[in-house]
Amino acid sequence: TDVKKPSAGVQWLLDEKLLIAFNQQTVVMPREVAMYLRGNKVHREIENSQPPVSGSKRDKRNVQLAAIANITTFLRWTEEILNFWAQEPADALRSGGLGVRDLKVLSTHLGIDTSCAAFIAEVSYLAGLVTIDADDRILPTTQFDIWLMQTPSARWQSLVAPWLITSRVSGLVGKDESKNVAPLGPELDRVSAAPIRKLTLRLLAENPSVAPEINSLTALAGWHMPAKRSNGIPADYLQWTLRESEWLGLTGQGVISKYGLEFLEGGELESINEDLPKPVDHI
């Protein structure tokens, strides 16, 4: 807690140079000491080739059907949330963001859990469809009217593109250790979020017919993005990316869809407009 007032054990280690003061609250172990304690190993384990991905195979047609259903559902959810806020605006918290009570109202209105409702609100916010006005009300922007007039593929792409590159992590909402974190609030930024998201989708694209098991995906992601100062990529970030990819329709039944592959390759995504059911204009 304080380098100037260490315990007897820490004081001895500092005196013997087996630990070094890093700042007022932190001590670190010199590399030579750590390597000696590890039996002169630089790494705990040496892996010369990337670990294999294990998972379950999925039928290609079922994957596409699940993905287009997810895309349709997510577009409907987004439209429904914004129309709901246009009629009954939510009040932003003093610190910014959507309060627990309003989030619960939103999830009840849509019939989904709060983590999914928080994600839809976040994606709408990233896409510029939602704003917090001067009176601290959460309202749809004028961009929402333009968004409604666009094709389904353009609407979907305008939601997925900012999600892929954002540093905001909506999965933090509702976690026990982050009780004060709110959707649309300022506490969701994490510097590693976008690189982990892009890596996860790339690994899914490299294994196009497999719904990967989370432990094998975590090991593979850690091999591609080793972390020096921590225990590697947080498994939570990978799970949230997989969950959000499924909600968005980038994946279907855990396997990357043709729409997800086309999006990553910068395609036009006209296949979404062709595969969606035609709107019914009569009874």
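Residues numbered from 1 in each chain as written. Predicted model: local features only at pLDDT ≥ 70, side-chain atom pairs only at ≥ 80, totals over all residues. Heavy atoms only, no water.

*Asks:* Just checking my understanding: could you explain the sheet that holds strand β5 (residues 130-132) for this structure?
*Replies:* Whenever strands of a sheet pair, they do so through backbone hydrogen bonds, lying parallel or antiparallel. Spatially, β4-β6-β5 is the arrangement adopted by the 3 strands of the open sheet, whose pairing is antiparallel. A single partner strand is all that each edge strand has here, and the edge strands are β4 (90-91) and β5. Relative to strand β6 (residues 137-140), β5 is paired through 3 bridges, and the arrangement is antiparallel. If you follow valine 130 over to β6, its bridge partner there is proline 140. Relative to β6, helix α3 (residues 60-87) is tilted by about 125°, and along the sheet it contacts β4, β5 and β6. (Pairing = 2+ DSSP bridges. Helix = DSSP H or I, 4+ residues; strand = E, 2+ residues; numbered from the N terminus. Contact = heavy atoms within 4.5 Å. Axes fitted to C-alpha atoms, helices over the stretch in contact; angles between N-to-C directions.)

*Asks:* Which parts of the structure should I look at to understand the packing of aromatic side chains?
*Replies:* How two aromatic rings sit relative to each other is given by the distance of their centres and the angle of their planes. Under the counting rule described, the total for this entry stands at 6 aromatic pairs. Ring centres of phenylalanine 119 and tryptophan 247 lie 5.5 Å apart, and the angle between their planes is 40°; on these two criteria the pair is classed as tilted. With phenylalanine 119 in helix α5 (residues 114-126) and tryptophan 247 in helix α10 (residues 235-248), this pair connects stretches of sequence that are 128 residues apart. Comparing phenylalanine 119 with tryptophan 247, the two get one shared label, buried. Through a chain of ring-to-ring contacts, three or more aromatic side chains come together here, namely Phe74, Trp77, Phe119 and Trp247. If you follow arginine 155 out to its NZ or CZ, it ends over the ring of tryptophan 147, 5.5 Å from the centre. (Phe/Tyr/Trp six-rings, centres within 6.5 Å; stacked < 30°, edge-to-face > 60°. Buried < 20%, exposed > 50% of the residue type's maximum accessible area, 1.4 Å probe, protein only. Lys NZ or Arg CZ within 6 Å of the ring centre and 35° of its normal.)

*Asks:* Would you mind going over the packing of α5 against α10 with me for this structure?
*Replies:* Helices that pack against each other are described as a pair by the angle of their axes relative to one another and the distance between those axes. The interhelical angle for the contact between α5 and α10, taken along N-to-C directions, is 70°, at an axis separation of 11 Å. One finds that α5 runs roughly perpendicular with respect to α10. Contacts between α5 and α10 involve Ser115, Cys116 and Phe119 from the former and Arg243, Glu244, Trp247 and Leu248 from the latter. Here the residues of the contact of α5 with α10 sort into 4 nonpolar, 1 polar and 2 charged. (Parallel < 35°, antiparallel > 145°, perpendicular 65-115°, else oblique. Nonpolar A, V, L, I, M, F, W, Y, C, P; charged D, E, K, R; others polar.)

*Asks:* It is not clear to me how the environment of valine 210 should be interpreted in this structure. Could you clarify?
*Replies:* Within the secondary structure layout, valine 210 lies in strand β7 (residues 210-212). Since its relative accessible area comes to 14%, valine 210 is described here as buried. When the C-alpha positions of valine 210 and asparagine 23 are compared, they lie 47 Å apart, and in sequence the two are 187 residues distant. If sequence neighbours within four positions are ignored, valine 210 has contacts with Val53, Ser54, Gly55, Ser56, Lys57, Gly254 and Val255.

*Asks:* I tried to follow the pattern of salt bridges on my own but got confused; where do I start?
*Replies:* Side chains that differ in charge, positive against negative, can pair when their charged atoms come close. This structure, assessed with the given rule, holds 5 salt bridges. Where glutamate 206 meets arginine 202, a salt bridge forms, and the shortest distance between an N and an O atom there is 3.1 Å. Of this pair, glutamate 206 and arginine 202 both sit in helix α8 (residues 193-206), 4 residues apart, which is roughly one turn of the helix. A relative accessible area of 43% places glutamate 206 in the partly exposed class. Judged by relative accessible area, which is 39%, arginine 202 ranks as partly exposed. (Salt bridge = Lys/Arg side-chain N within 4 Å of Asp/Glu carboxyl O.)

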